[in-house]
Amino acid sequence: MIRFVIILPIIVVTWLLLVKAISDLKKANIDWTGVATIIGFIALAFWLRHITGMG
């Protein structure tokens, strides 16, 4: 029961923050091409590290 009392508020707060973040992202004017490029470079770095074992 104690775990339920501790975990439930954490889940609720996380959900509210996620909903707020999504609504803020919808209102914001974001350059999604730049975001996708950054994510692509990060994914490429992890992939190359996995393939070569360096880095």
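Starting from 1, residues in each chain are numbered consecutively following that chain's sequence as written. pLDDT decides what is reported in this predicted model: residues at 70 or higher carry local features, side-chain atom pairs at 80 or more are listed and counted, and totals for whole chains, interfaces and linings draw on all residues regardless. Heavy atoms from the whole structure form the basis of all side-chain values; hydrogens and water molecules are not counted.

**Q** Which parts of the structure should I look at to understand the overall build of the chain?
**A** Check the secondary structure of the chain and you find two helices and zero strands. A globule of 55 residues ought to have a C-alpha radius of gyration of about 10 Å, yet the chain, at 18 Å, is considerably larger. The C-alpha extent of the chain, read off along each of the three principal axes, is 50 × 35 × 10 Å. Accessible surface area values rest on a Shrake-Rupley calculation with a 1.4 Å probe, where residue burial reflects the displayed protein chains alone. Just so you have it, the chain exposes about 5,400 Å², and 77% of that area is on carbon and sulfur atoms. Only runs of H or I of at least four residues qualify as helices and only runs of E of at least two qualify as strands under DSSP, and these elements are numbered from the N terminus. Two things to know: the radius of gyration comes from C-alpha atoms, and the globule rule equals 2.2 Å times the number of residues to the power 0.38.

**Q** What should I look at first to understand a nonpolar patch on the surface in this one?
**A** Patch members must show over 30% relative accessible area and no salt bridge, and they are joined within 9 Å when carrying like charges or within 5 Å when they are nonpolar side chains of Val, Leu, Ile, Met, Phe, Trp or Tyr. Here, a salt bridge means any Lys or Arg side-chain nitrogen found within 4 Å of an Asp or Glu carboxyl oxygen. A grouping of Met1, Phe4, Val5, Leu8, Val12, Trp15, Leu16, Leu18, Val19 and Ile22 is seen on the molecular surface, where their side chains present a nonpolar patch of about 1,000 Å² in accessible area. Trp15 gets classed as exposed once you look at its relative accessible area, which sits at 56%. Classification of residues uses two cut-offs on accessible area relative to the type maximum, computed with a 1.4 Å probe and protein chains only: under 20% is buried, over 50% is exposed, and between them is partly exposed.

**Q** Would you take a moment to explain the UniProt feature "transmembrane region" (unreviewed entry) in the chain for this structure?
**A** With numbering matched to this structure, UniProt assigns "transmembrane region" (unreviewed entry) to residues 31-48. Across residues 31-48 one finds 94% helix and 0% strand; the C-alpha atoms that close the span lie 26 Å apart. UniProt positions are given in the numbering used here, feature names are shortened, and annotations may be inferred rather than shown by experiment.

**Q** Would you explain helix H2 (residues 32-52) in this entry?
**A** One fewer than the residue count of a helix, multiplied by 1.5 Å, yields its expected span. End to end, H2 covers 30 Å across 21 residues, agreeing with the expected 30 Å (1.5 Å per residue, within 8%). Gly53 sits one or two residues past H2 and shows a positive phi near 80°.

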